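What the coordinates show
Residue-level listing of the chains:
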Amino acid sequence: MYAIARFWSFTPSNGADAVSPIAMAVAGIMSAGVSAGNEREVLAPNGRLRVGVYPGSPLSMVRQTNTSETHGLSFDLGKALAKQLDVPFEQVTYQRIADVLDGMKAGDIDFTVSNATPTRALDVAFSQTLLSLELGYLVPAVSPIVTTSDVDKPGIRVGVTQGSTSERTLPKILPNATVVPAQNLKYAIQMFERRELDAFATNKPILFEMSDQMSGARVLDGRWGVEHVAVAIPKGRESGMEYVRHFVEDAQSSGLLAKAVEQAGLRGSTEAK
């Protein structure tokens, strides 16, 4: 696991609102010289930044059980970019990442964070890599599956999110197992409860988030691949991509990305590029 820097937060003893570490990092970016000119009209043409998210993934949007606060890379970085562009932030919620990207293709959203695959790059424009994440397997309690090599056996049902990259990739990696699409992450957990799945495959941050909701569930050691996560904006707005690339670079160097990772509770092998 690669180390991610930790940053402090401050809560005044007099009960006043705390200064958000995310806001502090955004202020640092803005003071470093990144400013919005015509990019505001390119990246937020409707006068607000519509950020596409889906629940259950720390890469997108999760609700923290101890604070009831909402965080996630798409959510927090979208808020930061909206602040930097000086436009309102608008959350647009879907069931899964495939729906978010369809919404972007339809012109309904302006920003999200996604696995930057060549196939997806045909439909949306990606920045440079934000993070690289291991792909793995989640198994329920008392599962006979112990290692990743145990997954590819006849009769093993491996869940994936419908429309995901995993759904397209895993049949080639697991020729003996059966790949079973689930309509979203919440439904996948219900499928485990009904004993309709023997494992679930996606990136490890999502698997750890799922395991918190499944008593005794385990994320297996090892990996079946790596995905590279980036900011996505709609095709046709490439004139704003240089601004997005600078935003990503400054988010990585200022601590904004590291703080978003921490607040989202993103676990698993990650590396900031």
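Look a little higher up for the structure.
Here we summarise the structure given alongside this text. (Residues numbered from 1 in each chain as written. Predicted model: local features only at pLDDT ≥ 70, side-chain atom pairs only at ≥ 80, totals over all residues. Heavy atoms only, no water.)

Attention now goes to helix α9 (residues 256-264). Since one α-helical turn is 3.6 residues long, residues separated by three or four positions face the same way. Here α9 lies mainly inside the structure; eight of its nine residues are buried. Downstream of α9 by a residue or two, G265 has a phi angle that is positive, lying close to 70°. (Buried < 20%, exposed > 50% of the residue type's maximum accessible area, 1.4 Å probe, protein only. Helix = DSSP H or I, 4+ residues; strand = E, 2+ residues; numbered from the N terminus.)

Here we come to helix α6 (residues 185-193). Among all positions in α6, only L185, A188, I189, M191 and F192 are buried. Across the axial projection of α6, the buried residues extend over an arc of 155°, all falling on one side. Seen from the buried face of α6, the exposed residues on the opposite side, beyond 90 degrees, are K186 and E193. Here the buried face of α6 lies against β6 (124-139), β7 (157-161), β8 (178-182), β9 (199-203) and α7 (204-211). Of the residues that open α6, the one with a side-chain oxygen 3.3 Å from the backbone nitrogen of K186 is N184. Looking at the residues trailing α6, positive phi occurs at R195, about 60°. (Arc of directions from axis to C-beta. Contact = heavy atoms within 4.5 Å. Polar contact = N/O pair within 3.5 Å; in protein donor to acceptor, adjacent residues only side chain to side chain.)

Position of D198 relative to the elements: it lies in the loop between α6 and β9. Engagement of the side chain of D198 in a polar contact is seen with the backbone nitrogen of R157, the distance being 2.8 Å. Once residues lying within four places of it in the same chain are set aside, the contact partners of D198 are L138, V139, P140, S143, I145, G155, I156, R157 and F192.

To continue, consider the pattern of salt bridges. Counted under the stated rule, the structure contains 14 salt bridges. One salt bridge connects K153 with D150, and the closest N-O pair in it is separated by 3.7 Å. On the basis of relative accessible area, K153 is assigned to the partly exposed category, the value being 40%. A salt bridge links K259 to E262, with the shortest nitrogen-to-oxygen separation between them at 3.4 Å. On the criterion of helical spacing, the pair formed by K259 and E262 is a turn pair, its members being three residues apart in helix α9. (Salt bridge = Lys/Arg side-chain N within 4 Å of Asp/Glu carboxyl O.)

It is generally the case that most residues other than glycine have a negative phi and that most peptide bonds are trans. The backbone of D86 sits at a positive phi, close to 65°, despite the residue not being glycine. Here D86 shows up in the loop between α3 (73-85) and β4 (89-93). For D86, a relative accessible area of 63% translates into the label exposed. A positive phi is found at V142, a non-glycine position, where the angle reads about 55°. Residue position: V142 is located in the loop between β6 and β7.

Counting buried residues in β7 gives four out of five residues, a clear majority hidden from the surface. With five bridges joining them, β7 and β8 adopt parallel strand pairing. Considered in β8, the bridge of V160 is made with P181. Note on the crossover from β7 through helix α5 (residues 165-173) to β8: the handedness is right-handed. Note: β7 against β9, two bridges, orientation parallel. What sits directly across from G159, in β9, is F200. (Pairing = 2+ DSSP bridges. Right-handed = clockwise from strand over helix to strand, strands pointing away.)

All chains considered together, the criterion is met by two aromatic pairs. Considering the side-chain rings of F75 and F89, the 5.3 Å spacing of their centres and the 80° angle between planes classify their relative orientation as edge-to-face. With F75 in helix α3 and F89 in strand β4, this residue pair connects regions lying 14 residues apart in the sequence. Using a relative accessible area of 25% as the deciding quantity, one classes F89 as partly exposed. Above the ring of F89, the side-chain terminus of K79 is found at 5.7 Å from the ring centroid. (Phe/Tyr/Trp six-rings, centres within 6.5 Å; stacked < 30°, edge-to-face > 60°. Lys NZ or Arg CZ within 6 Å of the ring centre and 35° of its normal.)

Our next topic: the pairing of β9. In the case of a regular strand, side chains alternate between the two sheet surfaces. In terms of burial, β9 is a largely internal element, five of the five residues being buried. Examined bridge by bridge, β6 and β9 share four bridges and lie antiparallel to one another. When the bridges of β9 are listed, L135 appears paired with N203.

Residue position: D150 is located in the loop between β6 and β7. Separated by 27 residues in sequence, D150 and A177 have C-alpha atoms that sit 9.9 Å apart. Ignoring any residue separated from it by four or fewer positions in sequence, one finds D150 in contact with P144, I145 and I156. Within polar-contact distance, the side chain of D150 engages the backbone nitrogen of T147 at 2.9 Å.

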